[in-house]
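Coordinate analysis (summary)
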Number of protein chains: 2
Amino acid sequence: MNIELISVGTEILLGDILNTNVSFLSRELASIGINVYRHTTVGDNKKRLLKSLENAFENSDTVIITGGLGPTDDDITKECAGEFFKRDFFFDKYSFEKIKNYVDNCKNDNSLPKNNKKQAMIPENSIILENLWGTAPGIILEKENKKIILLPGPPKEMKNMFEKYVKPFLKKQSNKKFISKYIRLYGIYESTLEEKIKHILIKQTNPTVALYAKSTEVLIRVTASGTNNVTINNLIENKIKEIKDIVGDYIYLIGDEGVANTQSELSSVVAKMLINNSLTISTAESITGGMIASSLIDNEGISKSFIEGIVCYSNESKMNNLDVKLSTLDKYTAVSKEVALEMLIGIKNKTKTDISIITTGYASQMKNSEINVGLVYIGIYYKDNKIIKKYELKGNRNKIREKVTKEALNLIRKLILDDYKE
Amino acid sequence: MNIELISVGTEILLGDILNTNVSFLSRELASIGINVYRHTTVGDNKKRLLKSLENAFENSDTVIITGGLGPTDDDITKECAGEFFKRDFFFDKYSFEKIKNYVDNCKNDNSLPKNNKKQAMIPENSIILENLWGTAPGIILEKENKKIILLPGPPKEMKNMFEKYVKPFLKKQSNKKFISKYIRLYGIYESTLEEKIKHILIKQTNPTVALYAKSTEVLIRVTASGTNNVTINNLIENKIKEIKDIVGDYIYLIGDEGVANTQSELSSVVAKMLINNSLTISTAESITGGMIASSLIDNEGISKSFIEGIVCYSNESKMNNLDVKLSTLDKYTAVSKEVALEMLIGIKNKTKTDISIITTGYASQMKNSEINVGLVYIGIYYKDNKIIKKYELKGNRNKIREKVTKEALNLIRKLILDDYKE
């Protein structure tokens, strides 16, 4: 079955409202194995909607139209659908009673018209979907193998009516289930990843595998279908294992959270590792200026682990808080292995935490001085071991700072992983 | 001119991502007087895209396609557009160099993935739009009176390239000029703002006025049209004055930066004020955990102003760094006016900066204790004056932390403004 989704509403074409209905419907339809062929949005215009219906049925056998079922003259969806399938309309007393009752029960809402006969006009030979969340009934029209399903535009009404009537109606047409898992990777470029798992991407059928680039990370979606959960989950687990064998080093999370979640989950993975292993941490940030601390503190339950952070952006602060020597600053400058090491020892001595992390670097050019923008040192004290790593990063100020933060979090993640591997 | 917007991407059809590109483009096109006829979304499928292009040109003379310009095999937009207008492709060395440079700047290893050559293949006789925010160049193809404009799918790239190249290109097709100014407000809800300026919103013709809610801020777009800049700017200035008279207290920036810039500009406004007035600042953050420091350090030139930040998430850190007394913590708890005051005095004594700011509060529920989530204190030492403000905020953990950060920045902004008013 192919479905086309048509949204009706000039307010969407003007960009005044964001069309969340189509992403909801697409996701729901994908979850029951139905292929969405196309989304179309048209204004409240009869000619345009009829044209879009015609275009839609060139490729699909079912069309879901949302919006344009209101009581006013520019609501034309029902009329178009009826005309398209050449149906007459009748006045449905039962629907009219339901609408009247709904309006009576919402006396405070003055937007509801009192004598609303238009919404009770129904095309003949159709299935009426009672609207318990508003006034406009939904309608299913069938003609030969073609179906038009009409749902109201307000998301609350649309979603509830889809769940209650349309999803069961469509499910009956298919008996397949779909499940997805998401793999999150850090430190690998999308094209490099694609190169490495090309053989998987090319011959995919069930499960299907898709890549999504997200800032400095990549996400892999693995979706399998079948008739029972155990089989589907097995298909997914095998495919994930196959991917893990190739790029396992870059994977930091495998879970159910999908592409809709645009946030990096690196900090929450690290926070969980700290909390679960009762590890304490302290930070001394120059170039990242509090970004590492803040991204850790974004996570609930971190208070026992996160002991202290210093934002030592100035040299004074490096000296006062971390005992960095003026002579070291003078001799090597603030962005040097030597200063990084003194910062690291300083924060470790001050806080005595299991892990200490420091950053120093140049995020942008300074006036009257030639500096090496992108030169960065990250230092980590992990239990009794010190590491200082040097980077030469490219990008604008914020990009560089974000990269240093993610790189620092990933270094911590790997050290804990190695330590608690057994 | 009629425009159809086509979005390409299976991930949109699967509902994995919300299509924000179309609402952005629709709004922007409306602001320059261009009629959007239809939105269409198709998967990464050549036949379907060609069909949609055919359908689109039945009603429109210009089609903007977003997405499907990536380096992988299922990115087929450019190939379809070329085929539709029967164009050959050539390998554009200049674009390839640009892509290579961009990739080099984003990665630490210099190996350009082989398939990125694909992004430098350009249809003959087209206008190339250089992508400064990613790898895929945009392209404008013209044939007789028809135009196809290709833009990359990632919203940041798409928005910036639309602003820089496409908007001016489309504006040239009309002899009317459109100019927009953007007013940024903090501390007022969209609905309250709408109520207050309802009379302006209702009778708008030229200029047009539109509101956009952006997280905890609101943006007002004022767009005027005409044939000469002086007249247009006068229309805008008068409308801005009218709005300022009503909600001037909430306005923190009036400028040319549009809806594309989704970042709050509060921190850059505050950073500029600090730098321009040679004011120094220090922070001691508990609930915000480095977010205030980090958002200030996001801004170039801040190194002379930002002296030091402490992320004192634990009680130990509050005592060790800020001389908060154990007895005060025991008696009043860490989230109290009394502890806030000791933190404030502590950071001021430690750093002697012109401005010191502290935060303490509960961002989420803790195990085994009944706390008042959303209770927050912000303290500011501005020169010789101390202020402690209490808040009861709503939202999830990250929302609360973000609100506190913006509120703190706005308090600093107002104090500097009052002080340097004359």
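Residues numbered from 1 in each chain as written. Chains lettered and ligands numbered in written order. Predicted model: local features only at pLDDT ≥ 70, side-chain atom pairs only at ≥ 80, totals over all residues. Heavy atoms only, no water.

Going by the annotation in an unreviewed UniProt entry, the name recorded for chain A is Putative competence-damage inducible protein, with Gemelliphila asaccharolytica given as the source organism.

Let's talk about the overall build of chain A
Each helix and strand counted, chain A has 15 helices and 17 strands in total. For chain A, the C-alpha radius of gyration of 29 Å lies well beyond 22 Å, the compact-globule estimate for 422 residues. Summarising its shape, the C-alpha atoms of chain A cover approximately 90 × 50 × 40 Å along the three principal directions. A total of 422 residues make up chain A; the buried ones form 55% of that total. For chain A, the proportion of contacts with a sequence separation of at least 24, taken over those separated by at least 6, is 68%. Split by element, the accessible area of chain A, about 18,800 Å² in all, is 48% carbon and sulfur. Distance from the positive charge centre (60 side chains) to the negative charge centre (53 side chains) of chain A: 2 Å. (Helix = DSSP H or I, 4+ residues; strand = E, 2+ residues; numbered from the N terminus. Rg over C-alpha atoms; globule rule 2.2 N^0.38 Å. Buried < 20%, exposed > 50% of the residue type's maximum accessible area, 1.4 Å probe, protein only. Contact = heavy atoms within 4.5 Å. Areas by Shrake-Rupley, 256 points an atom, 1.4 Å probe, with all protein chains shown as cover. Lys, Arg positive; Asp, Glu negative; His and termini not counted. Charge placed at Lys NZ, Arg CZ, Asp CG, Glu CD.)

Brief notes about the sheet that holds strand β7 (residues 138-143) of chain A
The mixed open sheet is built from 12 strands, whose spatial order is β6(A)-β7(A)-β8(A)-β3(A)-β1(A)-β2(A)-β2(B)-β1(B)-β3(B)-β8(B)-β7(B)-β6(B). Across the chains shown, the open sheet's two edge strands, defined by having one partner strand only, are β6 (126-129) of chain A together with β6 (126-129) of chain B. Going across the sheet, the axis of each strand differs from the next one's by a mean of 15°, ignoring polarity. The pairing of strand β1 (residues 2-8) of chain B with strand β2 (residues 35-42) of chain B spans 7 bridges and is classified as parallel. From the neighbouring strand, Glu4 of chain B faces β2 of chain B, where its bridge partner is Arg38 of chain B. The strands touched by helix α4 (residues 77-84) of chain B are β1, β3 (62-66), β7 (138-143) and β8 (146-151) of chain B; relative to β8 of chain B, the strand with the most contacts, the crossing angle is about 170°. (Pairing = 2+ DSSP bridges. Axes fitted to C-alpha atoms, helices over the stretch in contact; angles between N-to-C directions.)

Examining the pairing of β7 of chain A
Residue and element names in this part refer to chain A. Two elements, β6 and β7, share 4 bridges in a ladder whose sense is antiparallel. The residue of β7 that forms the bridge with Ser126 is Leu141. Sheet topology note: the β7/strand β8 (residues 146-151) ladder contains 5 bridges and is antiparallel. Each residue of the ladder has a partner; that of Ile139, found in β8, is Leu150. Following β7, the chain reverses through 2 residues before pairing antiparallel with β8; Glu144 in that reversal takes a positive phi of roughly 50°.

Quick notes on the pattern of salt bridges
Counted under the stated rule, the structure contains 30 salt bridges over all chains. The salt bridge involving Glu402 of chain A is made with Lys406 of chain A; its shortest N-O contact spans 3.5 Å. Residue Glu402 of chain A and its partner Lys406 of chain A are located together in helix α15 (residues 397-419), separated by 4 residues, close to a single helical turn. A relative accessible area of 10% places Lys406 of chain A in the buried class. A salt bridge links Glu217 of chain B to Lys406 of chain B; the shortest N-O distance between them is 3.1 Å. Highlighted residues: Glu217 of chain B in strand β11 (residues 217-226) and Lys406 of chain B in helix α15 (residues 397-419), separated in sequence by 189 residues. (Salt bridge = Lys/Arg side-chain N within 4 Å of Asp/Glu carboxyl O.)

Side note on empty space enclosed by the protein
Following the criterion strictly, the structure yields 6 cavities of 30 Å³ or more and no others. Space inside the largest cavity adds up to approximately 80 Å³. In terms of lining, the largest cavity is formed by Asn19, Val22, His39 and Thr41 of chain A together with Ser7, Asn19, Val22, His39, Thr40 and Thr41 of chain B. Here the element with the most residues in the lining of the largest cavity is β2 of chain B; it accounts for 3 residues. Residues of the lining of the largest cavity, tallied by class, amount to 2 nonpolar, 8 polar and no charged. (1 Å grid on protein atoms, 1.4 Å probe; cavity = no way out; pocket = protein on both sides within 12 Å on 5 of 7 lines; lining within 4 Å. Points joined across faces, edges and corners; volume = space filled by probe spheres on them. Nonpolar A, V, L, I, M, F, W, Y, C, P; charged D, E, K, R; others polar.)

Concerning the sheet that holds strand β10 (residues 208-214) of chain A
All names here are of chain A. On the basis of which strands lie adjacent, the open sheet formed by 4 strands has the order β10-β11-β9-β12 and antiparallel pairing. The open sheet terminates on both sides in strands that have one partner only, identified here as β10 and β12 (251-255). On average, adjacent strands in this sheet sit at an angle of 20° to one another, irrespective of strand direction. Across 7 bridges, β10 lies against strand β11 (residues 217-226) in antiparallel orientation. Directly across from Leu211, in β11, lies its bridge partner Ile220.

A few points about the environment of Asp323 of chain A
All names here are of chain A. Of note, Asp323 is situated in the loop between α12 (315-322) and α13 (326-332). Owing to a relative accessible area of 60%, Asp323 belongs among the exposed residues under this scheme. Look past the residues within four positions of Asp323 in its chain and what remains in contact with it is Lys318 and Glu342.

Looking at the interface of chain A and chain B
The parts lose accessible area when they come together, and the size of an interface is often stated as this lost area. Taken together, the contact between chain A and chain B spans 73 residues of the former and 74 residues of the latter. Summed over both partners, the interface of chain A with chain B comes to about 6,000 Å²; 48% of that surface belongs to carbon and sulfur atoms. Of all residues in chain A, Tyr37, Tyr189 and Ile297 of chain A bury the most surface against chain B, accounting for 10% of the area lost on that side. Where chain A meets chain B, there are 4 salt bridges. Between Glu58 of chain B and Lys51 of chain A there is a salt bridge; the shortest N-O distance is 2.9 Å. (Buried area = accessible area lost by both parts, 1.4 Å probe.)

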